[in-house]
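# Structural characterization, general
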Amino acid sequence: MGKQIRVRFAPSPTGALHIGGARTAYFNWLFARQQKGTFVLRIDDTDRARSTEASYQQILDSLRWLGIGWDEGPDVGGTFGPYRQSERIDVYRTYLEQLKATDHIYPCFCTAEQLQAEREEAQRKGRAPRYSGRCRHIPREEADRRIEAGEAHVYRLRVSEAGETTVRDLIRGDVVFQNSEIDDFIIWKADGTPTYHFASCVDDAAMEISHVIRAEEHLSNTPRHVALFQAFGVEVPLFAHVPMILAPDRSKLSKRHGATSVSEYREAGILPEALVNYLLLLGFSPGEDKEIVSRDEAVQLFQLDRVTKHAAIYDVKKLEWLNAHYFRSQSPDAVVAKLWPTWVESGYVRADEVDRSTIAWIRTVTEFVLSRSRNWTDVMDGVRPYFAKVNTYDAKGVQKQFSGQDVPHRLRLVADRLQTVAPFTTVVIERAFRELIEELQVKGGELIHPTRLALTGMTVGPGLFDVMALLGREASVQRLNAAADLIERGELVNLQK
Ligand code: GLU
């Protein structure tokens, strides 16, 4: 049997879960599900000042909403817990002691001023700043004595200056770093807490993480991490650095490009199915121009080595398009159930409606409107003409469609004709309507547009004959005559919107 596949998503709870983090989580989840591995949620809250409980909760909520569940984590536990770094200080101390014992680290007493001077000198000489190694060779006894005396110190990892470090990355191939680029970096701070690099690697080692799938911005840290795993004497995990997500103008994605956090998308009415589908397309191509990919299908299709190396471009239009697709695919019954309380509040339906044919009609209207909607607003706007009486009329429409002398008369003719239509279905209504157009010798639009305005109060909308069929004979006739009356009595003035 091969090695157990164990991956982790390790967000820092310092804000909302953003689209980039969500994608990293999703890729980890997909890989784990496909490989029958384990997906761990770890909370990287070593930065106590910036970490908040609210952010922690929000991240978990967002992941749950997206349907990205974890096998081990802070709330569900697991054999490798605890899963919040703030609760793991003992584990970090154990690894610290191990590295002291194996002489992989040394205490460094350099002051902030000394380090600053080194940095400035490097800058003057045009070199990359790098720790000089001043404390590297302090004899053990002297170091112990200074620590004993209470001198402030950090711990640094001894990194060999010669040679190179290879990061095995499943997306990028082998990435080689010269060791001369890596200095003896700090793993333990003067305040007695681990640095981010150290805590992260200890956790990956202790939690037996086999694949580290994370954002590209961490690639430059990775040779340091490899050095740490080697110092621990554990197998170095494989890496997969997923590409950055850029705005359409290739700048860094930020607030000004619109919603970027999962909760904002959620509030904007984006469905979780649409968002995870979109996340997949950010860096992964399902092939054959395929774009609609459900979670289950993605589990089958996903391949780390087919994730692109180049940046993914954020495309809100694509997300909206996917959302429209998933939106329309919802079951009409579920939509009715969801919107029922709102419709009761708006007076569209009766809270205690039991009439079967009315309920069936509500469902039919919903199904019809849903098939033409991209989001909840579309559904709400779309059902209004059916569920609510028309009490306002589009002002421009009134000017254009209701101004002709003959309009009231024509509307009444349409109403009369509808009385004769049987059965009252789209096809038969259309036939009768076209006959009337012929008889009156008018252009189609001259009859269609005023009729639509009279029936819905709007100038645009779905096919007129569908609208009439859905409204039913009684309501259609009533609305046409009511509009004719209002026009004749000149009472439309206050009803224009
Ligand atoms: N806490 C880090 C972050 O949020 C995780 C880095 C990693 O996955 O190793 O970026």
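These notes cover the structure that comes with them.

### Thoughts on the nonpolar core
Counting 111 residues, the largest nonpolar core has Trp343 and Phe402 as its most contacted members. At 9 residues, the largest contribution of residues to this core is made by helix H1 (residues 19–34). Not counting the four nearest positions on each side in its chain, Trp343 is found in contact with Val336, Tyr348, Val349, Ile362, Thr366, Val379, Met380, Val383 and Phe387. Membership of the second largest hydrophobic core comes to 34 residues, among which are Leu99, Leu157, Ile209 and Ala227.

### Details of the layout of surface pockets
By volume, the largest pocket amounts to about 1,200 Å³. Around the largest pocket, the lining comprises 42 residues; the ones closest to its centre are Gly20, Gly21, Ala215, Glu217 and His218. At the level of elements, strand S1 (6–9), H1, helix H6 (196–206), strand S8 (211–215) and strand S10 (245–246) are the ones that each hand at least two residues to the lining of the largest pocket. If you tally residues by element for the lining of the largest pocket, the top one is H1, at 6 residues. Residues that form the lining of the largest pocket fall into these classes: 17 nonpolar, 14 polar and 11 charged. Empty space within the second largest pocket amounts to approximately 430 Å³. Around the second largest pocket sit 18 residues that line it, and Ala388, Lys389, Ala475, Gln478 and Arg479 are the ones nearest its centre. Among the elements of the structure, helix H14 (376–387) and helix H20 (473–488) are those that each provide at least two residues to the lining of the second largest pocket.

### Notes on the site of the ligand
In the vicinity of the ligand, the contacting residues are Arg8, Ala10, Pro11, Ser12, Asp44, Tyr196, Ser200, Arg214 and His218. At 2.7 Å, a side-chain N or O of Arg8 approaches an oxygen atom of the ligand. Here an oxygen atom of the ligand and a side-chain polar atom of Tyr196 are 3.4 Å apart. Here the ligand has 300 Å² of accessible area as a free molecule, and 81% of this is covered by the chains. The cavity where the ligand resides is the largest pocket. Its residues assigned to classes, the shell around the ligand shows 3 nonpolar, 3 polar and 3 charged.

### Quick look at the packing of helix H17 (residues 426–440) against helix H18 (residues 444–456)
Where H17 contacts H18, the two axes come as close as 9 Å, and the packing angle between them is 125°. In this view, H17 runs oblique relative to H18, as classed from their interaxial angle. For H17 against H18, the interelement crossing comes out right-handed. Seen from H17, the contacting residues are Phe433, Arg434, Leu436, Ile437 and Leu440; seen from H18, they are Gly444, Leu447, Ile448 and Thr451. Per-class residue counts for the contact of H17 with H18 are 6 nonpolar, 2 polar and 1 charged.

### Quick notes on the sheet that holds strand S7 (residues 186–188)
Strand order in the open sheet formed by 3 strands is S3-S4-S7, with antiparallel pairing between adjacent strands. In the strand order of this sheet, the two ends are held by strand S3 (105–108) and S7, each with one partner. Across the sheet, the mean angle from the axis of one strand to that of its neighbour is 45°, orientation sign disregarded.

### What about the environment of Ala337?
Relative to the helices and strands, Ala337 is located in helix H12 (residues 332–345). When the C-alpha atoms of Ala337 and Arg363 are compared, they prove to be 9.9 Å apart, with 26 residues separating the residues in sequence.

### Re H17
Three- or four-residue spacings in an α-helix give side chains the same orientation, since the helix completes a turn every 3.6 residues. Its 15 residues give H17 an end-to-end C-alpha distance of 21 Å, which sits within 8% of 21 Å, the value for a rise of 1.5 Å per residue. As for H17, its buried residues are in contact with helix H16 (407–420), H18 and helix H19 (464–471). Once H17 ends, the next one or two residues include Gln441, with phi positive near 55°.

### Quick word on the pattern of salt bridges
Counting across every chain of the model gives 37 salt bridges. Salt-bridge contacts for Glu142 lead to Arg146; the nearest nitrogen and oxygen are separated by 3.2 Å. Residue Glu142 and its partner Arg146 are located together in helix H5 (residues 140–148), separated by 4 residues, close to a single helical turn. Of the residues examined, Glu142 reaches a relative accessible area of 27% and is grouped as partly exposed.

So, how was this worked out
Residues numbered from 1 in each chain as written. Predicted model: local features only at pLDDT ≥ 70, side-chain atom pairs only at ≥ 80, totals over all residues. Heavy atoms only, no water. Core = buried A, V, L, I, M, F, W, Y, C linked by side-chain atoms within 4.5 Å. Buried < 20%, exposed > 50% of the residue type's maximum accessible area, 1.4 Å probe, protein only. Helix = DSSP H or I, 4+ residues; strand = E, 2+ residues; numbered from the N terminus. Contact = heavy atoms within 4.5 Å. 1 Å grid on protein atoms, 1.4 Å probe; cavity = no way out; pocket = protein on both sides within 12 Å on 5 of 7 lines; lining within 4 Å. Points joined across faces, edges and corners; volume = space filled by probe spheres on them. Nonpolar A, V, L, I, M, F, W, Y, C, P; charged D, E, K, R; others polar. Near = heavy atom within 4 Å. Polar contact = N/O pair within 3.5 Å; in protein donor to acceptor, adjacent residues only side chain to side chain. Areas by Shrake-Rupley, 256 points an atom, 1.4 Å probe, with all protein chains shown as cover. Sits in = over half its atoms within 2 Å of the grid points. Axes fitted to C-alpha atoms, helices over the stretch in contact; angles between N-to-C directions. Parallel < 35°, antiparallel > 145°, perpendicular 65-115°, else oblique. Left-handed = near helix turned anticlockwise from the far one by under 90°. Pairing = 2+ DSSP bridges. Expected span 1.5 Å × (residues − 1). Salt bridge = Lys/Arg side-chain N within 4 Å of Asp/Glu carboxyl O.

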